[in-house]
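Residue-level structural notes
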Amino acid sequence: MNQTIGDRPILLEPNSQHSDDFSLSQMVALIADIFGIHIKPHYQNTLKKNLFTRIRALGLCSLNDYYQFLVARNQLVTVAREWQELISLLTVTETYFFRDEGQMSLLKNQLLPELIERKTVLSLTQYNAAANGEFYRPTLRLWSAGCSTGEEAYSLAILVKELIPDNQTWDILILGTDINQPAIALAQQGIYSDWSFRTTTPEIKNRYFRSHKQGWKIDPAIQAMVTFQPGNLMQDNYPAYASSIHDFDLIICRNVFIYFDFNAIAQIISKFYCSLTPGGFLLTGHTELHGQKIEPFQVKNFPQSAVYQRHSLLNEQSKVLNTITPAAIESRESEISSPSLPSLETGFDISANTQTLLDTAKESLIKEAYADVIQIAEQLIALVPQHFQAYCLMAEAYANFGDYSQANQACQQALQIDPLAIEPYHLLAQIAEEQGERDSAKLFLKRIIYLAPNSVTAHLELGSIYEREGNEKQAQKTWRSLLEILENLPQQAIDSHNQQTTAELKAHVLKHLNSTSYEP
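Reading the values: the criteria
Residues numbered from 1 in each chain as written. Predicted model: local features only at pLDDT ≥ 70, side-chain atom pairs only at ≥ 80, totals over all residues. Heavy atoms only, no water. Helix = DSSP H or I, 4+ residues; strand = E, 2+ residues; numbered from the N terminus. Contact = heavy atoms within 4.5 Å. Areas by Shrake-Rupley, 256 points an atom, 1.4 Å probe, with all protein chains shown as cover. Disulfide = S-S within 2.5 Å. Buried < 20%, exposed > 50% of the residue type's maximum accessible area, 1.4 Å probe, protein only. pLDDT = per-residue confidence, 0-100. Pairing = 2+ DSSP bridges. Arc of directions from axis to C-beta. Axes fitted to C-alpha atoms, helices over the stretch in contact; angles between N-to-C directions. Parallel < 35°, antiparallel > 145°, perpendicular 65-115°, else oblique. Left-handed = near helix turned anticlockwise from the far one by under 90°.

The subject of this paragraph is the overall build of the chain. Each helix and strand counted, the chain has 21 helices and 12 strands in total. Nonlocal contacts in the chain, meaning residues at least 24 apart in sequence, comprise 66% of its contacts between residues at least 6 apart. Total accessible area on the chain stands at roughly 24,800 Å², and carbon and sulfur atoms take up 51% of it.

Here it is as structure tokens:
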């Protein structure tokens, strides 16, 4: 008879061949559940031999004992260490620099140059649209998913360095993740044997590596371009803003899907799609996605490899308006599980459905479901590219995530649609204050006051900044202007931004006026 711990059975069958086979099948199921790794039948005898090396190391007697040890809840730290030992047995860390010459050539000559040009143009567009003439650093976000000991991630960094010599003027993230923590530790050290350079040209090796007593060490400047962290592609939730796994321009996941079963691969590529920026690329090993449903992606076939591209917002708009089916919107990505979105039928009323989406986005913002807000806003923009409110909601959601670069970008896009609107300037001022850029914040607030001279909130925020700076003259001037505005408002009127009555705001302003020593 079996007992359970949590939702996992503890096997109590006697040690027999039947019990061993049963325990092995349970281990295979457990590994698939935790890692998504599918152990094929012809590999299970090898797995059994590997498991017995761990069983002996732990002083256990059987597969049954080992299974019980792994599902035990009373020694989590020890079990976590053992899972790391086990994953080292299950995965192969064999890799090398610039693996797959064809795909590396495609990255160097086609994909990365296209991304770099796109991001450069976007940066210049943001600069031209900026209210304060601020230069926006171009961004480039690359993810080596299943990076093993780091050769692939460092290969990407070298390609980027070759293509962008002045990369210090860019905001670049090259992220490497792997489930194998010992492999991640080796990647962070950046020391490699000659075997890792078997397809690397001597010129690249001598330029970006230094001789080391243990082999060759990566150049510190290249090493600084790459961030490594543990990651479980199957179990982790992403996009994930806390761990920087979002809005990638390129995801490379090669020779990783060979470990996963069909359903696990489907789940992972769906999460990859959601983690790409519109127009971003996914590059996998050859034939690794054979048989998978890849409709959300646009497949681009090159002589060197197939590449999977997330649709740009413009393409998504075209797809929606041309097909007018539920899948046209819902295949954007199945990211939004709550709240549910309306189904769009043939001949639908665009204005009615955009209003429904807008209402849903606003509700999500109130619920602090910021990822949902961003996704719904993107759908709105796909339907109506000049949707001012969608960009404002997107900006607010990104700001709440702390992703101020994306929030700034959404605000600038909103202002291109309606240059006289004050809502984006309010958020830009708040972001500038958060980042300690008071001069920029004051500029944005003055823009609001120019466009809406009776803006209570702008006067309040501007007066507060002047006070914090010790500029009593300007603070007093701002408070007096605000007091004059408040004198002409009904005393019980409630300000929508501050949720205070006019009378309460007057008392607040008078308190500030009386607390300063400046005499006009």
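This next bit is on the state of the cysteines. On inspection of all chains with the given rule, the structure shows 0 disulfides. Considering cysteine sulfurs only, Cys411 is the nearest to Cys392, which forms no disulfide, with 6.8 Å between them. The exposure class assigned to Cys392 is buried, which follows from its relative accessible area of 7%.

Glancing now at the confidence of the model for the chain. When pLDDT is averaged along the chain, the result is 82, and 82% of the positions lie at 70 or above. Counting contacts from residues 1-16, a segment whose pLDDT is below 50, to residues more than four positions away or on other chains yields 40 contacts. The low-confidence segment residues 314-350 (pLDDT under 50) makes 70 contacts with residues lying over four places distant or belonging to another chain.

Here we come to the pairing of strand E11 (residues 297-301). Note: E11 against strand E12 (residues 306-310), 5 bridges, orientation antiparallel. What sits directly across from Asn301, in E12, is Ala306. Where E11 hands over to E12, the hairpin turn is made up of 4 residues, counted between the paired strands.

As a further point, take helix H7 (residues 181-189). Inspection of H7 places Ala183, Ile184 and Ala187 among the buried residues, and these make up the whole buried set. Looking straight down H7, one finds its buried side chains confined to an arc of 100°; they lie on one side. Looking at the buried positions of H7, the neighbouring elements they touch are helix H6 (151-163), strand E4 (171-178), strand E5 (191-192) and strand E8 (226-230). Two residues or fewer past H7, Gly190 is found with a positive phi of approximately 70°.

One way to put it is that helix H15 (residues 388-401) packs onto helix H17 (residues 423-434) with a least axis distance of 10 Å and a crossing angle of 15°. The angle between H15 and H17 falls in the class roughly parallel. Classified by chirality, the crossing of H17 by H15 is left-handed. Here Phe388, Cys392, Ala395, Glu396 and Ala399 of H15 lie close against H17, whose contacting residues are Glu423, Pro424, Leu427 and Ile431.

It is worth spelling out the sheet that holds E12 at this point. Ordered by their spatial adjacency, 7 strands build an open sheet running E8-E4-E3-E9-E10-E12-E11, and the pairing between neighbours is mixed. The open sheet is flanked by E8 and E11, the only strands paired with a single partner. Averaged over all pairs of adjacent strands, the angle between their axes in this sheet comes to 20°, without regard to strand direction. Direction of pairing for strand E10 (residues 276-284) relative to E12: antiparallel, over a ladder of 2 bridges. The residue of E12 that forms the bridge with Phe281 is Gln309.

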